[in-house]
Amino acid sequence: MDRSWMNSNRLSEEYKKGVSEFIQFAFEKLPDNNGKFYCPCVKCLNIPSLHFELIKSHLICYGINQNYTKWIWHGESVNMSSASNTNEVNVDMNNRLDDMIRDIGPESFQRAHMYDNLCKDREETLYPGCTNFTRLSAVLRLFNLKARNGWTDKSFTELLELLKEMLPEGNTLPNRNYEAKKILCPMGMEYKKIHACPNDCILYRNEFEELKRCPRCGLSRYKEKDNDFNCDESIQRPPAKVLWYLPIIPRLKRLFNNVNDAKNIRWHADERKCDGYIRHPADSLQWKKVDALYPEFGNEPRNLRLGLATDGMNPYGNLSSNHSSWPVLLMIYNLPPSICMKRKYIMLSMMISGPKQPGNDIDVYLSPLIEDLKVLWEEGVDVFDAYSCNYFKLRAMLFCTINDFPAYGNLCGYSVKGHKACPICEERTCYEQLKNGRKTVYLGHRKFLKRFHPYRRLRKAFNGHPENEIAPKALTGKQVYDKLKDVCVIFGKNQKQTIEKNIWKKKSVFFNLPYWSSLDVRHCIDVMHVEKNVCDSVIGTLLNIQGKTKDGLNARLDMVEMGIRQQLAPQSAGKRTYLPPACHTLSKNEKKSFCECLHGIKVPQGYSSNVKSLVSMKDLKLVGLKSHDCHILMQQLLPVAIRGILPKKVRDVLTRLSLFFNSICSKVIDPKKLDELENEAAIILCQLEIEGD
């Protein structure tokens, strides 16, 4: 029957007539279902079984799933040649094996050496004489129920054991969750387990694939016991360190084989609102620059622009506080902002195992990913687009990286510690080495102000000198590449090589990508990390929390050494040292008022953590703050909590700080105000320095 009505407007007569014909079709094919069928609307997706009147209402209200072109859940045969009956519904998932192979790609099955086993399970009946299920279809249906209802692995194993006992003798149903997973293994995505040197010198691949020991540091490729110095190296042992790499090309192919995902990839070109404001990375100058430099790439809206993020994590919780594993994640910026950061669309491309962090040697581990990205840029891959129903040449590029500041240094190759830690200022970084606090502090924010700003002439409020320098300009990708193109670094923990008088430690592996040096913004800092660090410092200083406050005895002694804020110098009172109160110092009653304000705040469910649980009224401090809690505190709650308990000049600068974070985290940003925000950041830093007394 004609199914063009599925693409028609839901309010049209054609669509309503098509819905009635669909209901009639289901009645004819499944007459014994008492008027209850699977609902194919976009909300239910053939999961619940509903009465036909309710199904008709759902189809009018929500629309039908346009990908559901073969009505196999409502009695239609897949091959349309034999008479339809209820049995065909049950074998559907088994008959769709060909579609699954197309989605994943036959080459993935062949590399996994599982294709023959999968076909065997597809043909093998569940038990002798069974006509409804094969071994594969039964396991697929059971796993579908497990995922839909959130069953644990233990409960699923118990169910399999019970079903195996209930079925006739000779049945092929697996009796363990592990065995069932092995049947479905080929339907998952391919991964590569690459051995690595424990000192991060090399990956055992390409020319090093057959080696048993690292050619640079001499460590064994495999784990060794203390008494195994003379052991036979032909004996296979567990690898000392492993990189788990999940190739991205097969996963991108699968993404385009889903109609909805293939449509969403085009969202930035087809549905994005273009009014001059920044709502999406496609509104940024860098996106437009790439389109201008590489028009062949930019003219195809399905070409992907990816973001990369990585950071250390401890998979063992408190059991091993020193362990650090590094996942490397990829985000697809073509997608709408509403789903771009959803878990479904964030791809884990590799997992760098611990226990030590890779640090500057992370380039060794990124090399397989960079090779795939080069293929996607230079050659492209043939991909089937399920939305337009054709093949096209897919290309992709790495748009930028997003990390915290230490990981920023590891990826870009700049030393973000020490006296020259600013990658923008480089050699012109203004620093001060504190004698008592034994820290390096970075001053000189006034040079980022406008040329004739009054703060530049102030002396006493700052370091006793006027500021005449101008802000340095960030190096372009081409300039960085020219500085580092001849730098040769041998990676490895035991192969440390310091480049004399050079704060750049290496030429980043990302420069192997042909377009990387042409990007204006290559590495970004995650604003959530910045917010948490700032929030911890502000709250810790206001409430004088031990270990978190920035105003202590050493800080006061360092100000004396620097010759500033003499009125805040420590004073001896017998055997005790008295610290004169600063403008931000809170009395016990003011701390209590601050904590009571936060303790009494109520927010909608899901807005943030329960703020009441974060406040310790006994100790008058905040405990257990997570990144999102700091995000809410800095942007919404802090200006409310400090009303009436701080001098106006201190309240004003903290409120401006909150408004600044609120502005840069907005969903919509006016590009004309970006220069104002940059200038506002410099003013806030200067005011924080002024109001320190």
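Above this note sits the structure.
A. The arrangement of the packing of helix α22 (residues 588-599) against helix α24 (residues 627-641) in detail. Two numbers describe how α22 lies on α24: the axes approach to 9 Å, and their chain directions differ by 125°. The orientation of α22 relative to α24 falls into the category oblique. Crossing of α22 over α24 shows right-handed handedness. Across the interface between the two elements, Phe594, Cys597 and Leu598 from α22 touch Leu633, Leu637, Leu638, Val640 and Ala641 from α24. Among the residues making up the contact of α22 with α24, the classes are represented as eight nonpolar, no polar and no charged.

B. Expanded view of the sheet that holds strand β4 (residues 242-245). Here we have seven strands laid out as an open sheet, ordered β3-β4-β7-β6-β5-β10-β13, and mixed in their pairing. In this open sheet, the two strands that pair with only one neighbour each are β3 (192-195) and β13 (523-525). Recorded for the sheet is a direction-independent mean angle of 25° between the axes of neighbouring strands. Packing of helix α11 (residues 248-256) onto the sheet brings it into contact with β4, β5 (304-310), β6 (326-332) and β7 (347-352), and relative to β7 it is tilted by some 160°.

C. Structural view of the nonpolar core. If you look at the biggest cluster of nonpolar residues, it comprises 71 residues, and the most contacted ones within it are Leu304, Leu366, Leu369, Leu398 and Phe510. When sequence neighbours within four positions are dropped, the list of residues in contact with Phe510 reads Leu308, Leu366, Ile370, Leu398, Thr401, Leu411, Trp516 and His523. Grouped together as the second largest cluster of nonpolar side chains are 36 residues, Ile539, Cys630, Met634 and Ile645 included.

D. Seen up close, unusual backbone geometry. A cis amide bond, omega 5°, links Gly354 with the succeeding residue Pro355. The phi angle at Asn206 is positive, at roughly 55°, despite the residue not being glycine. Of note, Asn206 is situated in the loop between β3 and β4. Taking the relative accessible area as the measure of exposure, Asn206 reaches 49% and is therefore partly exposed.

E. Here's a closer look at the packing of α24 against helix α25 (residues 648-664). Running from N to C, α24 and α25 point in directions that differ by 155°, and their axes come no closer than 8 Å. Between α24 and α25, the crossing angle belongs to the class labelled roughly antiparallel. The handedness of the crossing between α24 and α25 comes out as left-handed. Here Met634, Gln635, Gln636, Leu638 and Pro639 of α24 lie close against α25, whose contacting residues are Thr655, Leu657, Ser658, Phe661 and Asn662. Broken down by class, the residue content of the contact of α24 with α25 amounts to five nonpolar, five polar and no charged.

F. Local environment of the pairing of strand β9 (residues 390-394). Two strands pair when backbone bridges link them, and strand β8 (residues 381-385) and β9 are joined in this way by five bridges, in the antiparallel orientation. Residue pairing across strands places Asp382 opposite Lys393, the latter belonging to β9. Connecting β8 to the next strand, β9, in antiparallel fashion are four residues, including Cys389 with a positive phi near 60°.

G. Region of interest: the packing of aromatic side chains. This model, assessed by the stated rule, comprises 22 aromatic pairs. Ring geometry for Phe405 against Tyr408: centres 5.7 Å apart, planes inclined by 35°, an arrangement best described as tilted. Separated by three residues within a single helix, Phe405 and Tyr408 lie in helix α18 (residues 405-412), roughly one turn from each other. Feature note: the residues Trp5, Tyr15, Phe22, Phe25 and Trp71 constitute an aromatic cluster, connected by ring pairs. Just above the ring of Phe392 sits the side chain of Arg302; from NZ or CZ to the centre is 3.9 Å. Residue placement shows Arg395 over the ring face of Trp377; its charged tip is 4.8 Å from the ring centre.

H. Structural context of the side chain of Asn679. With respect to the helices, strands and loops of the structure, Asn679 is situated in helix α26 (residues 674-690). Apart from the residues within four sequence positions on either side, Asn679 is in contact with Phe448, Leu449 and Lys450.

I. The pattern of salt bridges, seen in detail. Applying the stated rule across the entire model yields 24 salt bridges. For Arg302, the salt bridge is made with Glu300, and the minimal N-O distance between the two is 2.9 Å. A relative accessible area of 22% means that Glu300 is categorised as partly exposed. In this structure, Glu426 engages Lys483 in a salt bridge whose closest nitrogen and oxygen atoms are separated by 3.3 Å. Here the residue Glu426 occupies a position in the loop between α18 and β11 (431-433), and Lys483 occupies one in helix α19 (residues 477-484), the gap between them amounting to 57 residues. Under the relative-accessibility criterion, Lys483 is labelled partly exposed at 43%.

J. Representation of the pairing of β7 within the structure. In this sheet, β7 lies alongside β4 in antiparallel orientation, the contact comprising three bridges. In the sheet register, Leu243 faces β7, and the bridge partner there is Ile352. Alignment of β6 against β7, held across five bridges, turns out to be antiparallel. Residue pairing for β7: Val328 is matched across the bridge by Met350.

Rules of the game
- Residues numbered from 1 in each chain as written.
- Predicted model: local features only at pLDDT ≥ 70, side-chain atom pairs only at ≥ 80, totals over all residues.
- Heavy atoms only, no water.
- Axes fitted to C-alpha atoms, helices over the stretch in contact; angles between N-to-C directions.
- Helix = DSSP H or I, 4+ residues; strand = E, 2+ residues; numbered from the N terminus.
- Parallel < 35°, antiparallel > 145°, perpendicular 65-115°, else oblique.
- Left-handed = near helix turned anticlockwise from the far one by under 90°.
- Contact = heavy atoms within 4.5 Å.
- Nonpolar A, V, L, I, M, F, W, Y, C, P; charged D, E, K, R; others polar.
- Pairing = 2+ DSSP bridges.
- Core = buried A, V, L, I, M, F, W, Y, C linked by side-chain atoms within 4.5 Å.
- Buried < 20%, exposed > 50% of the residue type's maximum accessible area, 1.4 Å probe, protein only.
- Phe/Tyr/Trp six-rings, centres within 6.5 Å; stacked < 30°, edge-to-face > 60°.
- Lys NZ or Arg CZ within 6 Å of the ring centre and 35° of its normal.
- Salt bridge = Lys/Arg side-chain N within 4 Å of Asp/Glu carboxyl O.

Keep in mind these numbers describe shape, not what the thing actually does.
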